[in-house]
Amino acid sequence: MKTIQRTIIQVLMIILVMVTGSVLPLLQPGMAHAEAAPLAVDADRIDKFVETMREKLDVPGMAVGIVQGDQTVYTKGYGISGPEGQPVTAQTPFILGSVSKSFTALAIMQLVEQGKIDLDAPVQRYLPDFELADKEASKTIMVRHLLNQNSGLSTLHGRTAFTNTMPTIDALIHNLKDTPLTETVGNKFQYSNYNYDILGGIIQAVSGKSYAEYIQDHVYSPLDMQNSFTSTPEAKLQGLATGYKSVFGFMVPFEQPDNQSMLASGYLISSAEDMNHYLIAQINGGKFHDRSVATAESVAKMHQPAIKDPTTGGEYGMGWEIVNGIVQHPGDVESFHSDMKLDGDVGVVVLINAHDYLVRGFKLSMVADGILDIIHGREPVEDVGSIAGTHIFIDLACIAMAIMLGVSAFNLFKRKKSFRFTPLRTSVFAFCLLLFNVVLPITVLYGPSHIFAPWRVVVSFLPGIGHLVFVLSILSLGIGAAKLIVLVHNLRLHRMKGSGKTIAS
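The following refers to the structure shown. None of these values were measured; they are calculated from a predicted model.

About the thresholds
Residues numbered from 1 in each chain as written. Predicted model: local features only at pLDDT ≥ 70, side-chain atom pairs only at ≥ 80, totals over all residues. Heavy atoms only, no water. Helix = DSSP H or I, 4+ residues; strand = E, 2+ residues; numbered from the N terminus. Buried < 20%, exposed > 50% of the residue type's maximum accessible area, 1.4 Å probe, protein only. Core = buried A, V, L, I, M, F, W, Y, C linked by side-chain atoms within 4.5 Å. Contact = heavy atoms within 4.5 Å. Lys, Arg positive; Asp, Glu negative; His and termini not counted. Salt bridge = Lys/Arg side-chain N within 4 Å of Asp/Glu carboxyl O. Polar contact = N/O pair within 3.5 Å; in protein donor to acceptor, adjacent residues only side chain to side chain. Pairing = 2+ DSSP bridges. Axes fitted to C-alpha atoms, helices over the stretch in contact; angles between N-to-C directions. Left-handed = near helix turned anticlockwise from the far one by under 90°. Nonpolar A, V, L, I, M, F, W, Y, C, P; charged D, E, K, R; others polar. Phe/Tyr/Trp six-rings, centres within 6.5 Å; stacked < 30°, edge-to-face > 60°. Lys NZ or Arg CZ within 6 Å of the ring centre and 35° of its normal. 1 Å grid on protein atoms, 1.4 Å probe; cavity = no way out; pocket = protein on both sides within 12 Å on 5 of 7 lines; lining within 4 Å. Points joined across faces, edges and corners; volume = space filled by probe spheres on them.

1. Remarks on unusual backbone geometry
Reasoning step 1: Of note in the backbone geometry, Asp-58 takes a positive phi value of approximately 55° without being a glycine.
Reasoning step 2: Considering the arrangement of structural elements, one finds Asp-58 in the loop between helix 2 (43-57) and strand 1 (61-68).
Reasoning step 3: Given the relative accessible area of 41%, Asp-58 is considered partly exposed.

Take a look at the structure:
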């Protein structure tokens, strides 16, 4: 089918050349249609859908923006921006999460246009002191590898930066000297925050400005993004929304840290109104009204699929995902979520001041997906499942585990009826001890830190349950050690006296 479509397009282009003497450029993802029909936004339907989803997802606030071509067609805030109850507006700032990566990619392409950066140059050309655990491989990592997320740096290591204590981007990069590569450079897609943190360092080295200053001067200002910030304290003074996290299913406000070392990968701040300006520039070849932040060629390169992304089933470009023809990127930090999507000449942004990595998770992106469905005349999906029911099940499971450990600890000090030592009883006791008090807790303690993220990140992103699971695992190991001591002691007494001794369980 694709081959037939391509052939038809080629024939039509030949006819156009014969008739007009010129060739019209093919539409690329994220580029506006030259003569697109005005978007008929059903504001009431979108309004009702967003409010319905906000209630079903049980999040405090959202802000939505929609653009078509070079025009904003919809912006609105929903719910509250914090515990004081201030309403969310189109101007309310939110932390963008990984949507920040597209800003970093744009800044890199601006410097490429100026001849200051070569995408195929090694990172060490711009950061001579850049070095990872593999010294030789470090020399082969190019700027393009960082943009396309195939430098060899892993997702796991990139997540450690969320709770780092590095005060600056340069300090973070310097601290990477012992970080290993988990894949051959250029070989495989691995989404890693470190890739874009390093790009932030390159921007600083090449421009002579801090990353924050560069974004303010070369992106925010020309796009008239007046409610966008590079500092959490500064944004708070201008009404930054308070982020919320789920604690045992209840949304609780949290103080968001100012993570300056991860500005380039996750902590830029903007509003729905300002993000509309940004999306207009992305749709219109870098232009917002009479200003330009990049050439059409640079924008097209950022939106161009570069490497397969198995996490989305699509491909990754430069700070953008390309999935089923949609150019997009979600953003997630501790207590914020965002989505931006480009579908032809239509752009949608959704900002949410809450997160729940255990249950709501990807369901938050259903809001942006549903808005696009409404725009295209489709029925949006509103079924998010039973969020409260799922949390109740998880909470009950946690309570059950805590009770079981409590009973187990209590039994260590409680006198029980004796029972004869037999090889079978002793073996069953030893097996249960090994499984429930050694293998399972060690797996829980070891697994997340070596597969998903370090525990300090887990408890930051999953407060309450993360803390409880960690504490219960430690307690289980302690109870297991106590049980083992009692078992050895009773076995020794049993051997000494010949028979009749008991075993505490």
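2. As for the nonpolar core
Reasoning step 1: By size, the foremost hydrophobic cluster in this structure holds 92 residues, and its most contacted members are Phe-103, Ile-202 and Tyr-278.
Reasoning step 2: Apart from the residues lying within four places of it in its own chain, the contact partners of Ile-202 are Ile-108, Ile-117, Val-123, Tyr-126, Leu-127, Val-143 and Leu-146.
Reasoning step 3: Within the second largest apolar cluster, 33 residues are counted, among which are Val-346, Ile-352, Val-359 and Ile-465.

3. Let's talk about the side chain of Asp-339
Reasoning step 1: Mapped onto the secondary structure, Asp-339 falls in strand 13 (residues 336-343).
Reasoning step 2: Although Asp-339 is buried, it makes no salt bridge; Lys-341 carries the closest opposite charge, 5.1 Å away.
Reasoning step 3: Within the structure, the side chain of Asp-339 is placed 3.1 Å from the side chain of Ser-365, a separation counted as a polar contact.
Reasoning step 4: In this view, Asp-339 contacts His-329, Pro-330, Val-348, Val-349, Val-350, Leu-364, Ser-365 and Ala-368; residues no more than four positions away in its chain are not counted.

4. Side note on the sheet that holds strand 1
Two modes of strand pairing occur in sheets, parallel and antiparallel, and in both the strands are linked by backbone hydrogen bonds.
Reasoning step 1: Taken in spatial order, the eight strands line up as 2-1-14-13-12-11-10-9 in an open sheet, and their pairing is antiparallel. Each end of this open sheet is capped by a strand with a single partner; those strands are strand 2 (71-79) and strand 9 (307-309). Here the average twist between neighbouring strands, direction ignored, is 20°.
Reasoning step 2: Bridge count between strand 1 and strand 2: eight bridges; the pairing is antiparallel. From the neighbouring strand, Ile-66 faces strand 2, where its bridge partner is Tyr-74.

5. Observations regarding the pattern of salt bridges
Reasoning step 1: Applying the stated criterion to the full structure yields 15 salt bridges.
Reasoning step 2: Put simply, Arg-144 and Asp-120 hold a salt bridge, and the shortest N to O gap is 2.8 Å. Taken as a pair, Arg-144 in helix 6 (residues 143-147) and Asp-120 in the loop between helix 3 (100-113) and helix 4 (123-126) lie far apart in primary sequence, 24 residues in all.
Reasoning step 3: On the basis of relative accessibility, which here comes to 29%, the residue Arg-144 falls in the partly exposed class.

6. Concerning the packing of helix 3 against helix 9 (residues 193-207)
Reasoning step 1: Running from N to C, helix 3 and helix 9 cross one another at 35°; their axes reach a closest spacing of 10 Å. As helix 3 packs across helix 9, the resulting crossing turns out to be left-handed. Residues Lys-101, Thr-104, Ala-105, Ala-107, Ile-108 and Leu-111 of helix 3 form the contact with helix 9, whose own contacting residues are Asn-193, Tyr-196, Leu-199, Gly-200, Ile-202, Ile-203 and Val-206.
Reasoning step 2: Looking at the contact of helix 3 with helix 9 residue by residue, the classes come out as nine nonpolar, three polar and one charged.

7. Some points on the packing of aromatic side chains
Reasoning step 1: All told, the structure shown has nine aromatic pairs when counted by the stated rule.
Reasoning step 2: Ring centres 6.3 Å apart and planes at 85° place the aromatic pair Phe-94 and Phe-336 in the edge-to-face group. Taken as a pair, Phe-94 in strand 3 (residues 94-95) and Phe-336 in strand 13 lie far apart in primary sequence, 242 residues in all. Exposure class is identical for Phe-94 and Phe-336. Each is buried.
Reasoning step 3: The ring of Phe-254 carries the charged tip of Lys-245 above its face, separated from the ring centre by 4.5 Å.

8. Some remarks on empty space enclosed by the protein
Reasoning step 1: Within this structure, the stated rule accounts for one cavity of 30 Å³ or more.
Reasoning step 2: The wall of the largest cavity is formed by 14 residues, among which Ser-246, Asp-356, Leu-358, Leu-462 and Pro-463 lie closest to the centre.
Reasoning step 3: Per element, the largest residue contribution to the lining of the largest cavity is three residues, and it comes from strand 4 (residues 243-247).

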